[in-house]
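Listed below, chain by chain, are the residues.
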Amino acid sequence: MSNPNILLVEDEAKLAQFIELELKYEGYNVTVVNDGLSGLSNARESDPDLILLDWMLPGMSGVDICKRLRQTGNNVPIILLTAKDDIGDRVAGLDAGADDYIVKPFNLEELLARVRANLRRNQQDDPDLLEFLDLTLNSNTRQVFRGDRLIELTAKEFDLLEYLMSHPKQVLTRDQILERVWGYDFMGDSNIIEVYVRYLRLKLEAEKEKRIIQTVRGVGYVLRD
């Protein structure tokens, strides 16, 4: 299960190192280049999942890189990093093809939230991506988000949630859940489902979010608002 690949094109060495370390800590694979021409060639050759792109770069500007990539049909999500805070500059960056824009100096948590949001937006047509209200599950990366909050799940918790999200608003019986998540030969206590539903609810509602895994008494469970 591969984590997203991020290309960081930034010529300020200390800032680039700081962003790289934080992204790697979050689990991303990061490639760093320090000039515009290297950024453009790397974007074309390595096919990253997202590009963090400084506006002012030696060799070629971030805006020019955006334009070149878009002209060739490359739709990789691009977030521009820049000290330019004028509305005209923001418009110019977005018109060049950037998906998002963040002004230096920026808050790290905001940058990480925008990275997550743009990666999710790019995965909307991905068959590995399941969404229900503000809940997002990627069966390839095995990551789950409630809004921008990453939720750490065990393997079995993930499997149970994936099954529920694959059948939204459909009542699933305990027998169906046992067969699909635990297997036909499961010989343990059927109360295991209640236990894992409770675990999931605790994690999904950790910040007082509304309950979306509902109990249908005498039958099973359903994912609904």
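Given the structure is predicted, the values throughout are model-derived calculations rather than measurements. (Residues numbered from 1 in each chain as written. Predicted model: local features only at pLDDT ≥ 70, side-chain atom pairs only at ≥ 80, totals over all residues. Heavy atoms only, no water.)

Some thoughts on the overall build of the protein
Right, on to step 1. What the protein contains, in helices and strands, is 8 helices and 12 strands.
Right, on to step 2. When the backbone C-alpha atoms are referred to their principal axes, the protein occupies close to 65 × 30 × 30 Å.
Right, on to step 3. Considering the protein as a whole, with its 225 residues, one finds that 46% of them fall into the buried category.
Right, on to step 4. In the protein, 56% of the contacts between residues at least 6 apart in sequence involve partners at least 24 apart.
Right, on to step 5. Within the structure as shown, the protein displays about 11800 Å² of accessible surface, and the carbon and sulfur contribution to it stands at 46%.
Right, on to step 6. Charge centroids of the protein, computed over 28 positive and 39 negative side chains, lie 5 Å from each other. (Helix = DSSP H or I, 4+ residues; strand = E, 2+ residues; numbered from the N terminus. Buried < 20%, exposed > 50% of the residue type's maximum accessible area, 1.4 Å probe, protein only. Contact = heavy atoms within 4.5 Å. Areas by Shrake-Rupley, 256 points an atom, 1.4 Å probe, with all protein chains shown as cover. Lys, Arg positive; Asp, Glu negative; His and termini not counted. Charge placed at Lys NZ, Arg CZ, Asp CG, Glu CD.)

What to know about the sheet that holds strand E8 (residues 143-146)
Right, on to step 1. Taken in spatial order, the 4 strands of this open sheet run E6-E7-E8-E9, and their pairing is antiparallel. What marks the edges here is a single partner per strand, and that holds for strand E6 (129-132) and strand E9 (149-151). Averaged over all adjacent pairs, the angle separating strand axes in this sheet is 20°, with direction ignored.
Right, on to step 2. Sheet analysis places strand E7 (residues 135-138) next to E8, joined by 4 bridges and oriented antiparallel. Looking across to E8, one finds that Leu 135 is bridged to Arg 146.
Right, on to step 3. Each of E6, E7 and E8 is contacted by helix H6 (residues 155-166), which is oriented at about 115° to E7, the strand it contacts most. (Pairing = 2+ DSSP bridges. Axes fitted to C-alpha atoms, helices over the stretch in contact; angles between N-to-C directions.)

Here's the deal with the domain arrangement of the protein
Right, on to step 1. The domain architecture assigned to the protein consists of domain 1 (5-125) and domain 2 (129-223).
Right, on to step 2. On a C-alpha basis, the centres of domain 1 and domain 2 stand 34 Å from each other.
Right, on to step 3. Across the boundary between the two partners, domain 1 contributes 5 residues, which contact 7 residues of domain 2.
Right, on to step 4. Around 630 Å² of area is buried between domain 1 and domain 2 when both sides are counted, 46% of it from carbon and sulfur atoms.
Right, on to step 5. Our enumeration of links across domain 1 and domain 2 arrives at 0 salt bridges. (Domains from an automatic or database assignment. Buried area = accessible area lost by both parts, 1.4 Å probe. Salt bridge = Lys/Arg side-chain N within 4 Å of Asp/Glu carboxyl O.)

Some words on the environment of Thr 215
Right, on to step 1. Mapped onto the elements, Thr 215 comes out in strand E11 (residues 213-216).
Right, on to step 2. For Thr 215, a relative accessible area of 35% gives the class partly exposed.
Right, on to step 3. Along the primary structure Thr 215 and Glu 194 are separated by 21 residues, whereas in three dimensions their C-alpha atoms are 9.5 Å apart.
Right, on to step 4. Not counting the four nearest positions on each side in its chain, Thr 215 is found in contact with Arg 201, Gly 220 and Tyr 221.

Quick word on the pairing of E7
Right, on to step 1. A two-sided burial pattern is seen for E7, the buried positions comprising Leu 135 and Leu 137 on one face and Thr 136 and Asn 138 on the other.
Right, on to step 2. Pairing geometry for E6 and E7, over 4 bridges, is antiparallel. Bridge pairing in E7 places Leu 129 opposite Asn 138.
Right, on to step 3. Linking two consecutive strands that pair antiparallel, namely E7 and E8, is a turn of 4 residues; a positive phi of about 55° is found at Arg 142 within it.

Comments concerning the pattern of salt bridges
Right, on to step 1. Taken as a whole and judged by the stated rule, the model has 15 salt bridges.
Right, on to step 2. Between Asp 159 and Arg 142 there is a salt bridge, with the nearest N and O atoms lying 3.2 Å from each other. Of this pair, Asp 159 sits in helix H6 while Arg 142 sits in the loop between E7 and E8, and the two are 17 residues apart along the sequence.
Right, on to step 3. For Asp 159, a relative accessible area of 24% gives the class partly exposed.
Right, on to step 4. In this structure, the salt-bridge partner of Lys 210 is Asp 225, at a minimum N-O distance of 3.0 Å. Remark: Asp 225 occurs in the segment after strand E12 (220-223) and Lys 210 occurs in the loop between helix H8 (192-204) and E11; sequence separation between them is 15 residues.
Right, on to step 5. Residue classification places Lys 210 among the partly exposed residues on the basis of a relative accessible area of 48%.
Right, on to step 6. The exposure class of Asp 225 is exposed, given its relative accessible area of 56%.
Right, on to step 7. Among the charged side chains, a network of salt bridges with common partners joins Glu 10, Glu 12, Asp 54 and Lys 104.

Section: the packing of aromatic side chains
Right, on to step 1. Scanning all chains against the criterion turns up 3 aromatic pairs.
Right, on to step 2. Taking 6.3 Å as the distance between ring centres and 80° as the angle between the ring planes, the aromatic pair formed by Trp 55 and Tyr 101 counts as edge-to-face. Residue Trp 55 is found in the loop between strand E3 (50-54) and helix H3 (62-71), and its partner Tyr 101 is found in strand E5 (residues 100-103); the two are separated by 46 residues along the sequence. Accessibility assignment for this pair places Trp 55 and Tyr 101 in one class, buried.
Right, on to step 3. Judged by centre distance (5.5 Å) and plane angle (70°), the ring pair of Trp 182 and Tyr 196 falls under edge-to-face. Of this pair, Trp 182 sits in helix H7 (residues 174-182) while Tyr 196 sits in helix H8, and the two are 14 residues apart along the sequence. Assigned by exposure class, Trp 182 and Tyr 196 land together as buried.
Right, on to step 4. Among the aromatic residues, ring-to-ring pairing joins Trp 182, Tyr 196 and Tyr 199 into one connected group. (Phe/Tyr/Trp six-rings, centres within 6.5 Å; stacked < 30°, edge-to-face > 60°.)

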